[in-house]
Amino acid sequence: MLTKSSTELVRQRNSVLVLAALRRHGALAHTEISDFTKLSSATISAITADLEKAQIIEKSEHQATSGRGRPRVLFRQRRDCGYLVVVIISSDGVQYSLVDYAGKLIDRFSEERSRDPAGAERFIASIKEGLARILSRSKVPQEKVLLISISSKGLVHATDPVLVWSPIFGSNQIDFESALRPDWQARILLGNETQLVAAALGAHEETTRPADFRSLAALSLGHSIGLGIVRRTGQGEREISAPNFGHMLHMANGGLCRCGSKGCIEAYAGFYAILRMAFEVPLDTIPAKFVPVAELDKIAAQARHGHRMSAFAFRQAGIALGNGLSRLLSLTERMPIAITGPGTRYYDLLRQGIEEGLGQSHVVRMEGMPEIRVVPDEPILVFEGHLDRALSVIDQELVMSGIQGMD
């Protein structure tokens, strides 16, 4: 019994390695899979046969461009093996995407979202309607959806798909598992948006700079302030976390934050905080739930033309961010920082303050400024983070159910 169990675990682990290689490199030949996974040719033959029988992968023949020689046999995921629905909740709307098992986008649409903080029940009803709509548009049966991957700003439960706190709904928790059952039997995942950005950036680093990559922090600037950290473990895997950076203390008894506390980093660096500072509104004024980017653009234009308070507001935001990052580096390790989100358009106004805040720390004075990159395409990174996490989970669950079903 023990021997069989151990053999089964090894077979499942190796099957996941094969699927991961196909995810990372696309369609591959038998020898290429062996090269990427370091598994023997015999093992690859057995695994691909099992995965084909379980209808998880398929193979196709491709004639060489010269037209001579034997056709090349390539393995790839079966697109109709199952489907993934990605739900991205932002400050002003919800985006729904339908993706097949091969990671190909089939359909996508966005809907405006109510900003009523008391509207959690109506919001859940709209999510259900959106899920039904994305399937009806593509005529995909609901039972073919293997996983629903949801993301939002705010705090998410460590293990369950529960939104613990969010900028719009505050402490009014949303349990997506309870809300979508029993109508949906698909696996439900919930992730912090900036954590998914960090996951996508980590995947890029492993592809482009595999020998140099150790860790990276993704700092998202916008209505909220988010942070994701990705590290490579000793086993070569990626460890991803999302500390509550935006609500770390910047100044004791300082400006009022949307979370209800005083002195948070977000209370100085979020869009509402920059607006409040630029117009010299008292710091204990209840923050706006939503600030149109067009309003920040006006303040930024004034700052670039020498308006003192507008420039001061962005500098103070930068100092709050820099001080927070300096604490992060002191507690962890020196790492590159990727700045993302709609706030990247104001980086020229934030940069001086960020560097000033960082420069006040001992670790930066000793080791120098960390590498700071501006990465403007946050929505793309969020979606890539969804795919990276969700398709990996689907692979593992299909291997466990598909191969066990053949025993």
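Residues numbered from 1 in each chain as written. Predicted model: local features only at pLDDT ≥ 70, side-chain atom pairs only at ≥ 80, totals over all residues. Heavy atoms only, no water.

An unreviewed UniProt entry lists the protein under the name Putative transcriptional regulator protein, from Rhizobium mesoamericanum STM3625. Under the heading Sequence similarities (unreviewed entry), UniProt records this for the protein: "Belongs to the ROK (NagC/XylR) family." (UniProt positions renumbered as here; feature names shortened; annotations may be inferred.)

Caption draft 1: Spatial organisation of the overall build of the protein. The helix and strand inventory of the protein stands at 13 helices and 16 strands. For 407 residues, the compact-globule formula gives about 22 Å, and the C-alpha radius of gyration of the protein, at 24 Å, lands near that figure. Counting only C-alpha atoms and orienting by the principal axes, one finds that the protein spans roughly 70 × 50 × 50 Å. Looking at the protein as a whole, 49% of its 407 residues are labelled buried. In the protein, 47 side chains carry a positive charge and 45 a negative one; their mean positions are 2 Å apart. (Helix = DSSP H or I, 4+ residues; strand = E, 2+ residues; numbered from the N terminus. Rg over C-alpha atoms; globule rule 2.2 N^0.38 Å. Buried < 20%, exposed > 50% of the residue type's maximum accessible area, 1.4 Å probe, protein only. Lys, Arg positive; Asp, Glu negative; His and termini not counted. Charge placed at Lys NZ, Arg CZ, Asp CG, Glu CD.)

Caption draft 2: Structural context of the UniProt feature "domain: HTH marR-type" (unreviewed entry) in the protein. The sites that carry the UniProt feature "domain: HTH marR-type" (unreviewed entry) are, in the present numbering, residues 14-62. What you have in residues 14-62 is 67% helix and 16% strand, and the ends, taken at the C-alpha atoms, are 26 Å apart.

Caption draft 3: Molecular detail of unusual backbone geometry. Look at the link from Arg181 to Pro182: it is a cis peptide, with omega at 0 degrees. Of note, Pro182 is situated in the loop between α5 (176-180) and β11 (187-192). Positive phi values are uncommon outside glycine, yet Lys38 reaches one of about 65 degrees. Of note, Lys38 is situated in the loop between α2 (30-37) and α3 (41-53). Owing to a relative accessible area of 72%, Lys38 belongs among the exposed residues under this scheme. Phi is positive for Glu280, which is not a glycine, with a value near 55 degrees. Residue position: Glu280 is located in the loop between α8 (271-278) and α9 (293-304).

Caption draft 4: Summary view of the packing of aromatic side chains. Evaluation of the coordinates by the stated rule reveals 4 aromatic pairs. With centroids separated by 5.2 Å and ring planes inclined at 40 degrees, the aromatic side chains of Phe123 and Phe169 adopt a geometry described as tilted. Taken together, the residues span a long stretch of sequence, with Phe123 in helix α4 (residues 120-138) and Phe169 in the loop between β9 (162-165) and β10 (174-175) at a distance of 46 residues. Neither residue differs from the other here; Phe123 and Phe169 are each classed as buried. Summarising the aromatic geometry, the rings of Phe314 and Tyr346 are spaced 5.5 Å apart at their centres and angled 50 degrees between planes, so their arrangement reads as tilted. With Phe314 in helix α10 (residues 308-331) and Tyr346 in the loop between β15 (337-340) and α11 (347-359), this residue pair connects regions lying 32 residues apart in the sequence. An identical accessibility class is assigned to Phe314 and Tyr346; each is buried. (Phe/Tyr/Trp six-rings, centres within 6.5 Å; stacked < 30°, edge-to-face > 60°.)

Caption draft 5: View of the domain arrangement of the protein. Domain boundaries in the protein define domain 1 (7-77), domain 2 (83-195 + 382-405) and domain 3 (198-380). Look at where the C-alpha atoms of domain 1 and domain 3 centre, and you get two points 43 Å apart. (Domains from an automatic or database assignment.)

Caption draft 6: Expanded view of α4. Between its terminal C-alpha atoms α4 stretches 28 Å, which fits the 27 Å expected from 19 residues at 1.5 Å a residue. Residues of α4 that are buried include every one of Ala120, Phe123, Ile124, Ile127, Gly130, Leu131, Ile134 and Leu135, and no others. Down the axis of α4, the buried set is contained in an arc of 125 degrees. They therefore lie on one face. Those residues of α4 that are exposed and aimed more than 90 degrees away from the buried face are Glu121, Arg122 and Glu129. Close packing links the buried residues of α4 with β4 (83-89), β5 (93-100), β6 (105-112), β7 (145-152), β10 and α5. Just past α4, the residue Lys139 takes up positive phi, approximately 55 degrees. (Expected span 1.5 Å × (residues − 1). Arc of directions from axis to C-beta. Contact = heavy atoms within 4.5 Å.)

Caption draft 7: A look at α11. Taking 1.5 Å per residue as the helical rise, α11 with its 13 residues ought to reach 18 Å, and the 17 Å between its terminal C-alpha atoms agrees with that figure. In this structure, the buried residues of α11 make contact with β12 (215-221), α9, α10, β15, α12 (362-367) and β16 (372-374).

Caption draft 8: A look at the pattern of salt bridges. The full count for this structure, using the stated rule, is 25 salt bridges. A salt bridge links Asp100 to Arg79; the nearest nitrogen and oxygen atoms lie 2.4 Å apart. A residue pair is termed long-range when its members are at least 10 positions apart, and Asp100 in strand β5 and Arg79 in the loop between β3 (72-77) and β4 qualify at 21 residues. Judged by relative accessible area, which is 2%, Asp100 ranks as buried. (Salt bridge = Lys/Arg side-chain N within 4 Å of Asp/Glu carboxyl O.)

Caption draft 9: The arrangement of the sheet that holds β3 in detail. In space, the 3 strands of this open sheet follow the order β1-β3-β2, with antiparallel pairing throughout. Each of the sheet's edge strands pairs with one partner strand only, and the pair in question is β1 (28-29) and β2 (57-62). By the bridge criterion, 6 bridges tie β2 to β3 in an arrangement that is antiparallel. By the bridge assignment for β3, Ile57 is matched with Gln77. (Pairing = 2+ DSSP bridges.)

Caption draft 10: The arrangement of the nonpolar core in detail. Of all hydrophobic cores here, the largest spans 43 residues; its most connected members are Leu219, Leu227, Phe245, Phe314, Leu321 and Leu325. Not counting the four nearest positions on each side in its chain, Leu321 is found in contact with Leu219, Leu221, Ile225, Phe245, Ile265, Ala269 and Ile354. Membership of the second largest hydrophobic core comes to 41 residues, among which are Ile33, Ala338, Leu381 and Val382. (Core = buried A, V, L, I, M, F, W, Y, C linked by side-chain atoms within 4.5 Å.)

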